[in-house]
Amino acid sequence: MSNTTDSTQIKKYLETLKEGLPINLTKLPKPERDPKVPHAPKRTVPLSQQEKKLALRNALRYFPKETHSVLAPEFAEELELYGHIYMYRFRPNYVMKAYPIDLYPAKTVQDPNVAQFPHELVTYGGNGSVFQNWAQYHVTMKFLSEMTEEQTLTMCSGHPQGLFPSSNRSPRVIITNGMVIPQYSSQEDYDKMNALGVSMYGQMTAGSYCYIGPQGIVHGTTITLLNAGRKYLGNSDLNGKVFVSSGLGGMSGAQTKAGSIAGVISVVAEIDEKAVIKRHSQGWVTHVVKDLDECISKIKEFRSSKETTSIAYVGNVVDLWEKLAAEEELLVELGSDQTSLHNPYNGGYYPVGISVSESNRLMSEDPSRFKKLVHESLIRHVAAINLLCDRGMRFWDYGNSFLYQARIAGADITSEGDKFKYPSYVEDIMGDIFSLGFGPFRWVCSSGDPSDLKLTDSIAASICESLAQSSPDILKQQYSDNHLWITQAEENSLVVGSQARILYSDANGRTEISKAFNRAVREGKLKGPVIISRDHHDVSGTDSPYRETSNIEDGSKFCADMAVQNFIGCGIRGATWVALHNGGGTGWGLAINGGFGMVLDGSDRVMSDLDLLLFWDVNNGVCRRAWAGNDNAQFAVQRAMNENPLFVPNLPEWADEDVILSLIHISEPTRQAEIS
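Sequence order as written defines residue numbering, which begins from 1 separately in each chain. Reporting of local features is limited, given that this is a predicted model, to residues whose pLDDT is at least 70; pairs of side-chain atoms are given and counted only at 80 or more, and all residues count toward the totals for whole chains, interfaces and linings. Side-chain calculation: all heavy atoms of the structure are included, whereas hydrogens and water are not.

### Notes on the side chain of Thr309
Helix numbers and strand numbers start at the N terminus; a helix is a DSSP run of H or I with at least 4 residues, a strand a run of E with at least 2. In this fold, Thr309 is placed in strand β9 (residues 309-314). For Thr309, the side chain forms a polar contact with the side chain of His287, separated by 3.3 Å. In what follows, residue pairs with any heavy atoms lying within 4.5 Å of each other are defined as contacts. Apart from the residues lying within four places of it in its own chain, the contact partners of Thr309 are Ser260, Val264, Ile265, Ser266, Thr286, His287 and Phe302. By the criterion applied in these results, polar contacts are pairs of N or O atoms within 3.5 Å in which, for protein atoms, one can donate a hydrogen and the other can accept it, and in which residues neighboring in sequence qualify only through two side-chain atoms.

Structure representation (structure tokens):
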């Protein structure tokens, strides 16, 4: 079939989006779950009979009454079998992926291969969802096909509330996910509200429609490893150094690829052999081993030869850590963890000693027993890491709630003053980078044409190279790292799904790159608009005390003003859409995070809005970090003030320590413990 025929057929399928919910049930037979597709584990939620009735009533309200007698028993069965009503009958029969923007039916130009559990609308992280059910998908796509530039679509935890009159200067879409009253933000509250169909865990970029597959975490992990080498080992040349972690799933699967780019020997444990096979077939894992002795042998071999490579151990990471701890020789310099511990009892963490299938059975049939096994496993997990760190290994939490959940389990994870023994990677490594204003900036070529992505790579590389030469010394290394990244991006085959790219940059770099893209669209050098965005995990996007704001030391790391202000500020400075979420990588109730998207259509209006939007989006967080006392942020905020006289931040005046100590008497041992 020719490309023209393909496009015609796809366009025909996509035209059906204008119809909204298909309600002719005779054309939609009740589906069976496809065993060839990975599925979300059953959610075990103790709903009362009254709550089950409420969940059913909530689901049926999307459909005409004449369909209720057919759909009600079907939805009730889904609730019973899977703990959630997904509405499988309404799953589209066309391939779910990113198509070129001109194939979509729409009145404006502003618009799974990457999905972890595509039939359950879960993008990544075990429960990071785009929608709660397929009805929401159909209704949303219908609204988007009809929307004009005088309307805004409001999305509430996957539910399309409707199109509202607005102006062409307003965001086209406003998204919130999981925004609940703080008193009701526990894991149990989430489980119940999600089962009732009234709230959703949007993770970070899943629920805000800007997830670009594992490329983002490949880049983030690469930058983390390079900076960890500089900080812990005194050198970013990591040849012969061993990095050990766990997880090769939707996000964690990036670790081995990132390790190879950074130059380390990566050893990553994964309990699910299917995930290992997937990463190996992608070329993101070089060696696959199932035997621990063979794994240790290969580590020693590659350490000796200083060969950059990656090893996937098919098994539980606790067994791997314990084996490494028992070795006479210290075989690992750097360690972390990327199990989905924001979701520890529903498939995010598999305890040592039992199989995946047995774990899945216990999650559903005996959740209290499974929870006990998770806790026992975490205690062993931490004990082995402690032994290795006592001998010189450096370990960090990768923002997945490892430390938090280990403490809940009763593991030996805290030191004096109930402080965690190990830092979050933001706290100890990337926090200083964020404070300089550098974070994960990304873009998507809406044409879907790889040649457009190649051109944007070239534009971004040229700007990074120029800024690396002209910027202050403190910024040169960051620009150089990202110039290296972007020049190698194509050969590293990082695209999964849409034609997207990511790099770390500050406000100056993001603005220069975006303006260059906008000019290229205007001049016809690019075949379609470019959509810029960023990870919520950024300078200003997320308040999370165990990750993004873990290095905020003035007591405000538990406050969420920054993320909420960022969401509002982007909405009034030209963003095409804005999003605000409860949760993120650390888990429901443990973070507030937000993001934006902006369509670069080549217009003068976009060109002027870019200055306002990107300056705000970065310097909001820089300002907050400077107020908390971070040295890099104080440098960055002074630089921003010099560049823009309209930026007038409130800067701190720090009291001398002697003034404080003259009034607040602290014993010397306590003072030294607090300092350490």
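Having seen it, we continue.
### Considerations on helix α19 (residues 604-627)
In this scheme, a helix's expected span is set at 1.5 Å multiplied by one less than its residue total. Its 24 residues place the ends of α19 35 Å apart at the C-alpha level, agreeing with the 34 Å of an ideal helix rising 1.5 Å per residue. One axis fitted to the seven residues ending at a residue, another fitted to the seven starting there: the angle between these axes is the bend at that residue. At Leu610, α19 is bent by approximately 30 degrees, the largest bend along its length. Throughout this description, buried means an accessible area under 20% of the type-specific maximum (1.4 Å probe, protein chains only), exposed means over 50%, and partly exposed covers the range between. Taking burial as the measure, the 24 residues of α19 include 17 buried ones, the bulk of the element. Looking one or two residues past α19, Gly629 carries a phi angle of roughly 105 degrees, positive in sign.

### With respect to the sheet that holds strand β11 (residues 394-395)
One open sheet accounts for six strands, arranged β8-β9-β7-β6-β10-β11; its pairing is parallel. Bordering the open sheet on either side are β8 (287-289) and β11, each of which pairs with just one other strand. Of the pairings in the sheet, the one linking strand β6 (residues 242-246) to strand β7 (residues 265-270) comprises five bridges and is parallel in character. Following the sheet pairing, Ser245 is matched in β7 by Val268. The sheet contacts of helix α8 (residues 273-282) involve β7, β8 and β9, and relative to β9 the element is tilted by about 160 degrees. Along the sheet face, helix α9 (residues 292-305) touches β6, β7, β8 and β9 and points at about 170 degrees away from the line of β9. In this scheme, strands are said to pair when DSSP sees at least two bridges between them. Every angle, taken between N-to-C directions, lies between 0 and 180 degrees, and every axis is a line fitted to C-alpha atoms, over only the stretch in contact when it is a helix.

### Brief notes about the pattern of salt bridges
Definition used for salt bridges: Asp or Glu carboxyl oxygen within 4 Å of a side-chain nitrogen of Lys or Arg. A full pass over the atoms with the stated rule returns 37 salt bridges. The closest approach of N and O atoms between Arg33 and Glu120, which form a salt bridge, is 3.1 Å. Since its relative accessible area comes to 28%, Arg33 is described here as partly exposed. For Asp481, the salt bridge goes to Arg230, with nearest N and O atoms at 2.9 Å. Residue Asp481 is found in helix α16 (residues 473-488), and its partner Arg230 is found in helix α6 (residues 215-233); the two are separated by 251 residues along the sequence.

### Comments concerning the pairing of strand β4 (residues 159-165)
Looking at chain direction, strand β3 (residues 151-156) and β4 are connected through six bridges and run antiparallel. Residue pairing for β4: Met155 is matched across the bridge by Pro160. A loop of two residues connects β3 with β4, the two strands running antiparallel in sequence, and Ser157 in this loop sits at a positive phi of about 50 degrees.

### Regarding the pairing of strand β16 (residues 577-582)
Taking burial as the measure, the six residues of β16 include six buried ones, the bulk of the element. The side-chain alternation of β16 yields two buried faces, one formed by Trp577, Ala579 and His581 and the other by Val578, Leu580 and Asn582. Strand direction decides the pairing type here: strand β5 (residues 173-177) and β16, joined by five bridges, are parallel. Bridged to Asn177 within β16 is His581. Here β16 runs beside strand β17 (residues 592-600); their pairing, made up of six bridges, is antiparallel.

### Concerning the packing of helix α11 (residues 356-365) against helix α12 (residues 367-390)
Contact pair α11 / α12: the axes reach a minimum separation of 6 Å and the direction vectors enclose 130 degrees. By the angle between their axes, α11 is oblique relative to α12. Residues Ser359, Leu362, Met363, Ser364 and Glu365 of α11 pack against Pro367, Arg369, Phe370 and Leu373 of α12. Under this scheme an angle from 65 to 115 degrees is roughly perpendicular, one under 35 degrees roughly parallel, and one over 145 degrees roughly antiparallel; angles in between are oblique.

### Here we look at the confidence of the model for the chain
Taken over all residues, the pLDDT of the chain has a mean of 90, while the share at 70 or more is 96%. As a per-residue measure, pLDDT tells how confident the predictor is, with possible values from 0 to 100. pLDDT under 50 marks residues 1-5. Its contacts with residues more than four places away, or in other chains, come to one contact.

### Details of the environment of Leu494
Considering the arrangement of structural elements, one finds Leu494 in the loop between α16 and β13 (500-505). Among the residues examined, Leu494 registers a relative accessible area of 1% and is labelled buried. Sequence separation of Leu494 and Ser470 is 24 residues, and the distance between their C-alpha atoms is 29 Å.

### Comments concerning the side chain of Asn593
Within the secondary structure, Asn593 is located in strand β17. Judged by its relative accessible area of 0%, Asn593 falls in the buried class. Polar side-chain contacts of Asn593 include one of 2.5 Å to the side chain of His536. A distance of 3.2 Å separates a polar atom in the side chain of Asn593 from the backbone oxygen of Gly583.

### What about the environment of Arg172?
On the secondary structure map, Arg172 appears in the loop between β4 and β5. Sequence separation between Arg172 and Met147 is 25 residues; the distance between their C-alpha atoms is 8.3 Å. From its side chain, Arg172 meets the backbone oxygen of Glu149 in a polar contact 3.3 Å long.

### Overview of unusual backbone geometry
A positive phi angle, close to 60 degrees, is found at Leu121, a residue other than glycine. Note that Leu121 resides in the loop between α3 (68-82) and β1 (122-124).

### Examining the packing of aromatic side chains
Stacked, tilted and edge-to-face are the three classes assigned to paired rings of Phe, Tyr and Trp, where Trp is represented by its six-membered ring and a pair needs centres within 6.5 Å; plane angles under 30 degrees give stacked, over 60 edge-to-face, the rest tilted. Tallied over the entire structure, the rule returns 23 aromatic pairs. Here the aromatic rings of Trp321 and Phe395 are separated by 6.3 Å at their centres, their planes lie at 70 degrees, and the arrangement is edge-to-face. Of this pair, Trp321 sits in helix α10 (residues 317-326) while Phe395 sits in strand β11, and the two are 74 residues apart along the sequence. Here the two residues Trp321 and Phe395 agree in accessibility, since each one is buried.

### Brief notes about a nonpolar patch on the surface
Two joining distances apply to patches: 9 Å for like charges and 5 Å for nonpolar side chains (Val, Leu, Ile, Met, Phe, Trp, Tyr), and every residue must have over 30% relative accessible area and no salt bridge. Per-residue accessibility takes into account occlusion by the displayed protein chains alone, with areas from the Shrake-Rupley method and a 1.4 Å probe. Together, Val659, Ile660, Leu663 and Ile664 line one region of the surface with nonpolar side chains, adding up to about 390 Å² of accessible area. With respect to the secondary-structure elements, Ile664 resides in the loop between α21 (657-661) and α22 (668-675).

### Here we look at the packing of helix α15 (residues 450-470) against helix α17 (residues 507-522)
Relative orientation of the contacting elements α15 and α17 amounts to 145 degrees, with a least axis distance of 10 Å. In this structure, α15 crosses over α17, and the sense of that crossing is right-handed. Across the interface between the two elements, Thr456, Ile459, Ala460, Ile463 and Leu467 of α15 pack against Gly509, Glu512, Ile513, Ala516, Phe517 and Ala520 of α17. A class-by-class count of the residues in the contact of α15 with α17 yields eight nonpolar, two polar and one charged. Should the near helix be turned anticlockwise from the far one by less than a right angle, the crossing is left-handed, and should it be turned clockwise, the crossing is right-handed. Here the nonpolar group is Ala, Val, Leu, Ile, Met, Phe, Trp, Tyr, Cys and Pro; Asp, Glu, Lys and Arg are the charged ones; every other residue, Gly included, is treated as polar.

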